[in-house]
Amino acid sequence: MDFNTKKTGMLYPAMGRLTSYVPNRYLLVNVVARRARQIAEEAEEAGEHLDEKPVTLAIDEVAEGRINASQMDLTIEEENVPEEAEDGHLLR
């Protein structure tokens, strides 16, 4: 099912539907971005052409309940990530 159909000027799926699978918008952005990167990398490795953008496919997967935050590895793999103190403030 294509959840990105325009209806009455609004994009679907609705935010409420997406946040029923991923609890908040910040986490939703991270889950969709990670999954979109995975989709793009898998398509490139397989030499496949995607008819939809990877972000659209990732959003559809969330809206259909096929992925949620608990299924994603959201660890940051970058070097030079600022350290956090126990109170949540960044250490410099």
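These numbers come from a predicted model, not from an experiment.

Counting its secondary structure elements, the protein chain contains three helices and zero strands. Taken from the N to the C terminus, the helices and strands of the protein chain come in the order α-α-α. Here the protein chain holds 92 residues, and the buried ones make up 24% of them. For the protein chain, the accessible area works out to roughly 7200 Å², and carbon and sulfur atoms hold 49% of it.

Another aspect to go through is the nonpolar core. If you look at the biggest cluster of nonpolar residues, it comprises 14 residues, and the most contacted ones within it are V22, L28, V31 and V62. When contributions to this core are tallied by element, the ones reaching two or more residues are α2 (25-46) and α3 (54-63). Here the element with the most residues in this core is α2; it accounts for six residues. Those residues in contact with L28, other than ones at most four positions away along the chain, are M15, L18, V22 and V62.

Here we take up the side chain of R35. When you line up the elements, R35 lands in helix α2. On the basis of relative accessibility, which here comes to 14%, the residue R35 falls in the buried class. With residues up to four places along the chain from it excluded, the contact list for R35 reads E42, A58, E61, I67 and M72.

Here the focus is the pattern of salt bridges. Within the structure shown, the criterion is met by three salt bridges. A salt bridge links R35 to E61; its shortest N-O distance comes to 2.7 Å. On the criterion of sequence distance, the pair formed by R35 in helix α2 and E61 in helix α3 is long-range, its members being 26 residues apart. Between E64 and R66 there is a salt bridge, with its nearest N and O atoms 2.8 Å apart. Among the residues examined, E64 registers a relative accessible area of 31% and is labelled partly exposed. Residue classification places R66 among the partly exposed positions, given a relative accessible area of 49%. A network of salt bridges, in which partner residues are shared, links R35, E42 and E61.

The predicted model of the protein chain averages 80 in pLDDT, with 67% of residues at 70 or higher. Here residues 5-9 is modelled with pLDDT under 50, and outside its nearest four sequence neighbours on either side it reaches four contacts, counting other chains as well.

A few words on the side chain of N68. Within the secondary structure layout, N68 lies in the segment after α3. Here S70 takes part through its side chain, which lies 2.5 Å from a polar atom of the side chain of N68. Excluding residues within four positions of it along the chain, N68 makes contact with Y21 and V22.

About the thresholds
Residues numbered from 1 in each chain as written. Predicted model: local features only at pLDDT ≥ 70, side-chain atom pairs only at ≥ 80, totals over all residues. Heavy atoms only, no water. Helix = DSSP H or I, 4+ residues; strand = E, 2+ residues; numbered from the N terminus. Buried < 20%, exposed > 50% of the residue type's maximum accessible area, 1.4 Å probe, protein only. Areas by Shrake-Rupley, 256 points an atom, 1.4 Å probe, with all protein chains shown as cover. Core = buried A, V, L, I, M, F, W, Y, C linked by side-chain atoms within 4.5 Å. Contact = heavy atoms within 4.5 Å. Salt bridge = Lys/Arg side-chain N within 4 Å of Asp/Glu carboxyl O. pLDDT = per-residue confidence, 0-100. Polar contact = N/O pair within 3.5 Å; in protein donor to acceptor, adjacent residues only side chain to side chain.

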